[in-house]
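Chain by chain, the residues:
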Amino acid sequence: QSIKMTTLSPPQTEIKSVIALYSSGQIQEALDSVETLTKDYPDEPLLYNISGVCYRAISKLDEAVKSFEKALALKPDYAEAHNNLGIVFMELDQLDEAVKSFEKALAIKPDFAEAHNNFGIIFKTLGQKDEAVKSFEKALSVNPEYAKVYRQLGTIKKYTASDPQITQMQSMLSNGDLSQSDRMHLCFALAKVYEDLGKQDELFKFLHEGNRLRKQELNYSLDMDQITHSVVKKLFSPSPSVVEKSLSYETSTIRPVFIVGMTRSGTSLVEKIIASHHAVHGAGELNTLNNLMDPIVQDHSNNDKNGLSEKSFLSIRQQYLDSLSRFNVPEKVITDKMPMNFRWIGFILTAFPEAKIVHLKRDAMAICWSNYKLLFSSRGLGFPYNMDDLAGFYGLYTELMAFWHQLYSDKIYDICYEDLTTNQEEETRKLLEYCELDWDENCLEFHTSKRAIKTASSLQVRQKMYQGSSEAWK
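Keep in mind it's a predicted model, so treat the numbers as computed, not measured.

(A) Representation of the overall build of the protein chain in the model. Looking only at helices and strands, the protein chain has 22 helices and five strands in total. Over its C-alpha trace the protein chain gives a radius of gyration of 23 Å, about what one expects of a compact globule, namely 23 Å for 474 residues. Projected onto its principal axes, the C-alpha positions of the protein chain cover 60 × 55 × 40 Å. Here the protein chain, with 474 residues, has 51% of them falling under the buried criterion. Total accessible area computed for the protein chain in this model is approximately 21800 Å², and 48% of it derives from carbon and sulfur atoms. Computing the positive centroid from 53 side-chain charges and the negative centroid from 64, the protein chain places the two 2 Å apart.

Below, the structure is given as structure tokens:
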């Protein structure tokens, strides 16, 4: 997102210190500083733009929208705020509003490379590949050294040896002043180039370096995930007494279906199949449950507490269902395909007895290779960027899934990605039966759906079912 310095009424040094806090990941401290400054400078649009960027960074998207709208009320021709508002609308799945925001940004500033890049991302999520390429290339015509765009382009085009973009990327990478972030994006982009050209040594050279830079940027340690998993297991060992009795909850008209598993295991494909059903709304990857669970896990890792109260489970239930009701859709079955929700299966089945859990299984090497070669947009995923971390996390995942299967053997539906790609109709029928959905032929024609898909699989799942991707690691 754009935080552009303007002629300011607040002192430049104070603004720079806020931006430094944000850049170093101290988001709450940056927000606190901005709130203090807005008391002295209530009519400075830059401050509301910065607070919007900060709220977005901690997934408080409604607050981010309000901040950007406040900035735009004060300065309607603020192109950066229009662009940033569009990004948040994209994350809220309000694509029509996002398009309007980017159009406004470009009307004010036609050579706004970031807005052209964001248009490219929207077209990509809608499966409009040619339009996406045009938008990305427009961004590069404005700024030929826009490293992130090369990586975005690499996800949707196939390179040939004569492509001039290859020389441009190599030239940029030799620049000693290049930022670590730009270097990382170019390494992932060039890894894709050499994969397309069949040059394995160069593929691995750039892939290893891109992953090394990303791990360094995120400062990830497997210890953090080990602690989370051990706290979760402790809370359900022995299973909480509240699980033994049914919660005194109000029934809901909404029935969630959680699609979980390792990242890159096929969750996007399975959601596309289920969401093609006439009675289902596909909500994509929702951060809601993570945002509810993280403070609980944090609290229990800092204190030697046992179990969760019925009140806690009822609070999780109410807040999550409230978030689903905001979609305001007629369908009563709503899918949430956040893969990492596998960590919260015990909490889900306690708080939502009516929920369905679909767990994706896929060849371990296929999953790990697919993770290692991808740069995820989420900063919350730190394990894919180092082979030891990746293998270690895969082990944590299999251990926790074995734990959940032991506790809830009859409440988790396992589906094998490879079986689905070879026996599409049979596996689809069994899947819909588990979800208590009647048969719908549309589920076999999932690839024709125009629904936006924001994950790395946005283009793959618009193709008919295909086999062989699980062999790519070889």
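Let's pick the thread back up.
(B) Broad picture of unusual backbone geometry. Non-glycine residue Arg 264 carries a positive phi angle of around 70 degrees. Topologically, Arg 264 is positioned in the loop between strand S1 (255–260) and helix H15 (267–275). Unusually for a residue other than glycine, Asn 328 sits at a positive phi of about 55 degrees. Looking at the secondary structure, you find Asn 328 in the loop between helix H17 (310–325) and strand S3 (333–336).

(C) Up close: the nonpolar core. With 148 residues, the main nonpolar core has Val 358 and Trp 404 as its most contacted residues. Excluding residues that lie within four positions of it along the chain, Trp 404 makes contacts with Val 232, Phe 236, Phe 342, Arg 343, Trp 344, Ile 345, Gly 346, Ser 409 and Ile 412.

(D) Representation of the environment of Met 401 in the model. Within the secondary structure, Met 401 is located in helix H20 (residues 387–407). C-alpha of Met 401 to C-alpha of Lys 70: the two residues are 331 residues apart in sequence and 45 Å apart in space.

(E) The arrangement of the pattern of salt bridges in detail. What the rule picks out here adds up to 19 salt bridges. We note a salt bridge from Asp 196 to Lys 192, for which the minimum N-O separation is 2.7 Å. With Asp 196 and Lys 192 both in helix H11 (residues 180–196), this residue pair falls four residues apart, about one helical turn. Given the relative accessible area of 16%, Asp 196 is considered buried. Here Glu 209 and Arg 212 are joined by a salt bridge, their closest N and O atoms 2.9 Å apart.

So, how was this worked out
Every chain's residues receive numbers from 1 upward, in the order its sequence appears when written. Local features in a predicted model are, by the rule used here, given only for residues with pLDDT of at least 70; side-chain atom pairs are given and counted only at 80 or more, and totals for whole chains, interfaces and linings are based on all residues. Excluding hydrogens and water, the side-chain figures rest on all heavy atoms present in the structure. Segments assigned H or I by DSSP are reported as helices when at least four residues long, segments assigned E as strands when at least two residues long, and all are numbered from the N terminus. Computation of the radius of gyration draws on C-alpha atoms, with the globule rule given as 2.2 Å multiplied by the number of residues to the power 0.38. Exposure is judged per residue with a 1.4 Å probe applied to protein chains only, and the accessible area is read against the type maximum: over 50% gives exposed, under 20% gives buried, and values in between give partly exposed. With residues, only the protein chains shown are counted as cover, and all accessible areas are computed by Shrake-Rupley using a 1.4 Å probe. Only four residue types enter the tally: Lys and Arg on the positive side, Asp and Glu on the negative side, with His and both chain ends excluded. For the purpose of locating charges, the reference atoms are NZ of Lys, CZ of Arg, CG of Asp and CD of Glu. Only buried residues count toward a nonpolar core, which is a set of Ala, Val, Leu, Ile, Met, Phe, Trp, Tyr and Cys residues joined through side-chain atoms within 4.5 Å. Two residues qualify as a contact provided that any one of their heavy atoms is within 4.5 Å of a heavy atom in the partner residue. Within this document, salt bridges are pairs made up of a side-chain nitrogen of Lys or Arg and a carboxyl oxygen of Asp or Glu, the two lying within 4 Å of each other.

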